[in-house]
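Each chain is listed here by its residues.
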Amino acid sequence: MLNKVKTYIGNTPWDEVMQRQEERWINKVCWGIILASALYIIPICLNTLYEVKYGKAITKAVVTKSEKSGALSGVEKANQEMGMPKRAKQ
């Protein structure tokens, strides 16, 4: 098996074959991957920028009944018990 690979690399124009393939489909696949990753990350960036600018997220968060009634969450209770000040809302 190793000898076949050595022979292929040594005796065939594999670099020219790769260049021809690059012109055909490798570039298209790479651009597709770049486009898919951009489509994935753009909404995350826009949501983060909107949240920083306006202080609230675009997406709706799930609000529990205790949060609606003004009850403290577990983290806020623990902070209050430790004597830490409440976080200021932005």
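The shown structure was predicted, so the numbers you read here are calculated from the model rather than taken from an experiment.

Draft legend 1. Structural context of the overall build of the protein chain. If you tally the helices and strands in the protein chain, you get four helices and zero strands. When the elements of the protein chain are put in sequence order from the N terminus, they spell out α-α-α-α. In the protein chain, buried positions account for 1% of the 90 residues.

Draft legend 2. Fine view of the confidence of the model for the protein chain. With 61% of its residues at a pLDDT of 70 or more, the protein chain shows a mean pLDDT of 75. Per-residue pLDDT, averaged within each element of the protein chain, yields its smallest value for helix α3 (residues 65-68) (52) and its largest for helix α2 (residues 14-54) (86).

Draft legend 3. View of a nonpolar patch on the surface. On the surface, a cluster of nonpolar side chains totalling about 600 Å² of accessible area is made up of L2, V5, Y8, I9, W14 and M18. Tallying contributions element by element places helix α1 (residues 2-11) first for the nonpolar patch, with four residues. The topology assignment puts L2 in helix α1. For L2, a relative accessible area of 59% puts it in the exposed group.

Rules of the game
Residues numbered from 1 in each chain as written. Predicted model: local features only at pLDDT ≥ 70, side-chain atom pairs only at ≥ 80, totals over all residues. Heavy atoms only, no water. Helix = DSSP H or I, 4+ residues; strand = E, 2+ residues; numbered from the N terminus. Buried < 20%, exposed > 50% of the residue type's maximum accessible area, 1.4 Å probe, protein only. pLDDT = per-residue confidence, 0-100. Patch = residues over 30% accessible without salt bridge, like charges linked within 9 Å, V, L, I, M, F, W, Y side chains within 5 Å. Areas by Shrake-Rupley, 256 points an atom, 1.4 Å probe, with all protein chains shown as cover. Salt bridge = Lys/Arg side-chain N within 4 Å of Asp/Glu carboxyl O.

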